[in-house]
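# Structural overview
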Amino acid sequence: MVKVADSRRASPFASPKTSQRWLQKLPDSSDYDAHHALVEGLERYNGDMRGDAYKRVKALEVIEEAGLPLQDRLVAQYLEGHGGSDAFRQTLWRECHLFWDQLAVAYVHFLNLALKHEKDSGKLASIYTRIVAKSMRYSSLTMRWEYLRGRRPSESAWRRLHKIYRAAENAEVAFSEVTLGAGTSTCAREYVMTLLYDLANPYAFAPAEIELALQTLDSLKKLPVPESGLRHGRHSHMVDLSGSTGPERIDERWVPGGRLRYLDMRGVIGELEALAGGEGDILRSAVYKKLSRVIGREGTSRGGLRKPRFGDVRAVFGIDAILKTYAPPHGVVPNTKFITLRDESSKGMGFALDDEPDLEPGSLLAVDREEGEGAWQLLAVRWAANEDGQWQLGTEVLSKYPKRVEIEWQIDSGKQSAVALFLPLASASQGGTSNLLVPPAAYECGRELVLKQDDGTIYRLRLGGIAETHESWPRVGFDVLSRVAA
């Protein structure tokens, strides 16, 4: 008699013991190789949901415990590598994103089993609070990680997050402390932290500021509690648990509703303002102030009224192609492609793309709005999102009339020269000032240089601080020391 193998017994994830044996075979050549193999194991785990649910949760926790230290080290590599090889950083970002997403898929599956009152739900009741908390934690981390590459979480991601929080509220475990990773947290804290990330708009921070901004948000002590009753004069923001978006400021449009939750951000803003007013370096103080301002929306809003627009526009991507676009003979533009304009505001444009954009926040593109007339506007990428299979790209206008210029500066070895872009009347978010986009070798704060325009006009400038770095090119302010007309 021939024995037929039980496919469940063949699975390395049928129990904690078999999972432990599988983990011992992970490659030890590097953290990345071990992490990659572990993520592939999680994908395999999620591809076969058969077996005893309670044992599978325990097996999952064994994999999770082994993977978290690896994940921490890869996240640290990614955050430390800003300004390094974009291909390597993109690989790290995707690897970390997959780890959190696969854990979210796994725990949400068990949460759904418990909510459906199936035969496994009784076995899971004893660990239900931990399941819902981890469902929230990993769904939250998956979304929060999106912001670092300028990705706005999808509508489906927001719906999943809101659904998990409703499940925590209904079971009265939203504020129950649970061990998550190396510390403790609650569903409510994980949920509100994601709302804060959305309000803080971290992909708008400069690379040098990102890690500090994230650490600051994660260390906040006075997080608001989502409340079902609106208190005018106290609550500043709200979120719709039946919706597919993040939080909004409360204004006259919002009225009380059963699925609305209200938040008082005064404690968060007060804590950030106290940090900004304390002792510390200039960078830390600037990050604290920026976080306080954008969360409270006392400064420039991320949004602004957007008007629908339709039609294709010519575009070029990347600093090298953009420099050629502004070089004579005008009208000869290499490597152009057409992209679809969706909407426009006074500060930016939104586009629809056929494929996922391989673009970092802050990277550059130029678009021709005048149907081939050569009126190329310079834009910076701010975010991307996938909505129902359609990729959307959000950009900020840096200058409507950039000019290619020649610059010269003096160093010990002699005179140096390069091509730069003069950006007259930059966007309102930079205070309406002109900027200069220069190659990395040309920049030094306080350096004096000579700028030559096509018409022969010569300016002597002193470079100021960096407003933002685009593909390693600093965009800087400057003072005009003298001008000689042609």
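Reference entry: report on the structure contained in this document. All residue numbers refer to positions counted from 1 along the written sequence of the respective chain. Two thresholds apply to this predicted model, a pLDDT of at least 70 for residue-level local features and 80 or more for giving and counting side-chain atom pairs, whereas whole-chain, interface and lining totals are computed over all residues. Neither water nor hydrogens contribute to the side-chain values; these are computed over all heavy atoms in the structure.

Let us look at the overall build of the protein. What counts as a helix is a DSSP run of H or I of at least four residues, what counts as a strand is a run of E of at least two, and both are numbered from the N terminus. From N to C terminus, the protein includes 13 helices and 18 strands. Any residue under 20% of the maximum accessible area for its type is buried, any over 50% is exposed, and the rest in between are partly exposed; the area is computed with a 1.4 Å probe on protein chains only. Out of the 486 residues belonging to the protein, those deemed buried represent 51%. Excluding contacts between residues fewer than 6 apart, the proportion of contacts in the protein whose partners are at least 24 apart in sequence is 62%. Here the Shrake-Rupley method, with its probe set to 1.4 Å, supplies the accessible areas, and only the displayed protein chains count as covering residues. Put simply, the protein shows about 23,600 Å² of open surface, and 50% of that area lies on carbon and sulfur atoms. In this analysis, two residues are considered to be in contact whenever any of their non-hydrogen atoms come within 4.5 Å of each other.

Looking now at the sheet that holds strand S3 (residues 237–240). One open sheet holds the three strands; their spatial order is S4-S3-S5, and the pairing between them is antiparallel. The strands lining the two open edges of the sheet, one partner per strand, are strand S4 (248–249) and strand S5 (260–263). The pairing of S3 with S4 spans two bridges and is antiparallel. Within the sheet, the bridge partner assigned to His237 lies in S4 and is Arg249. Each pair of strands is called paired provided DSSP finds at least two bridges between the two strands.

The next point concerns the packing of aromatic side chains. Centres within 6.5 Å are what make two rings of Phe, Tyr or Trp a pair, Trp counting through its six-membered ring; a difference in plane orientation under 30 degrees is then read as stacked, over 60 as edge-to-face, and the rest as tilted. By the definition in use, this model includes seven aromatic pairs. For the pair Tyr107 and Tyr138, a centre-to-centre distance of 6.1 Å together with 20° between the ring planes defines the contact as stacked. Here the residue Tyr107 occupies a position in helix H5 (residues 86–115), and Tyr138 occupies one in helix H7 (residues 128–146), the gap between them amounting to 31 residues. According to the relative accessible area criterion, Tyr138 is buried, its value standing at 3%. One residue, Arg56, lies across the ring of Tyr45, its end atom 4.1 Å from the ring centre. It is Arg144 that lies over the ring of Tyr197; its NZ or CZ is 4.8 Å from the centre. Whether a charge sits over a ring comes down to the Lys NZ or Arg CZ being within 6 Å of the ring centre and within 35 degrees of the ring normal.

Turning next to the pairing of strand S7 (residues 312–317). Relative to strand S8 (residues 337–344), S7 runs antiparallel, the two sharing four bridges. Following the sheet pairing, Ala315 is matched in S8 by Lys337. For S7 and strand S10 (residues 364–368), the ladder comprises four bridges, and the chain directions are antiparallel. Looking across to S10, one finds that Phe317 is bridged to Leu365.

What follows covers helix H2 (residues 16–23). Among the residues of H2, Thr18, Ser19, Trp22 and Leu23 are the ones counted as buried. Looking straight down H2, one finds its buried side chains confined to an arc of 140°; they lie on one side. Against helix H3 (31–46) and helix H4 (53–80) lie the buried residues of H2. It is the directions from the helix axis to the C-beta atoms that the arc portrays.

Another point: the packing of H7 against helix H9 (residues 187–200). To define axes, lines are fitted to C-alpha atoms, for helices over the stretch in contact only, and angles between the resulting N-to-C directions are given on a 0 to 180 degree scale. For the pair H7 and H9, interaxial distance at closest approach is 9 Å and the crossing angle is 15°. Here H7 lies roughly parallel to H9, going by the angle between them. In terms of crossing hand, the pair formed by H7 and H9 is left-handed. Counting all contacts with H7, which are made through Val132, Ala133, Met136, Arg137, Ser140, Met143 and Arg144, the residues of H9 involved are Cys187, Glu190, Tyr191, Met193, Thr194 and Tyr197. Throughout, the ten residues Ala, Val, Leu, Ile, Met, Phe, Trp, Tyr, Cys and Pro are labelled nonpolar, Asp, Glu, Lys and Arg are labelled charged, and all others, Gly among them, are labelled polar. Its residues assigned to classes, the contact of H7 with H9 shows eight nonpolar, two polar and three charged. For this classification, under 35 degrees means roughly parallel, over 145 means roughly antiparallel, 65 to 115 means roughly perpendicular, and everything else is oblique. Crossings are assigned a handedness: left-handed for a near helix turned anticlockwise from the far helix by less than a right angle, right-handed for a clockwise turn.

What follows is about the nonpolar core. Nonpolar cores are built from buried Ala, Val, Leu, Ile, Met, Phe, Trp, Tyr and Cys residues. Side-chain atoms within 4.5 Å join them into one set. Formed by 88 residues in total, the largest nonpolar core has its most connected members in Phe110, Leu124 and Ile295. The biggest single contributor to this core is H5, with 14 residues. Counting residues in each nonpolar core, the second largest holds 18 residues, with Leu323, Tyr326, Leu421 and Leu437 among its members.

Keep in mind these numbers describe shape, not what the thing actually does.
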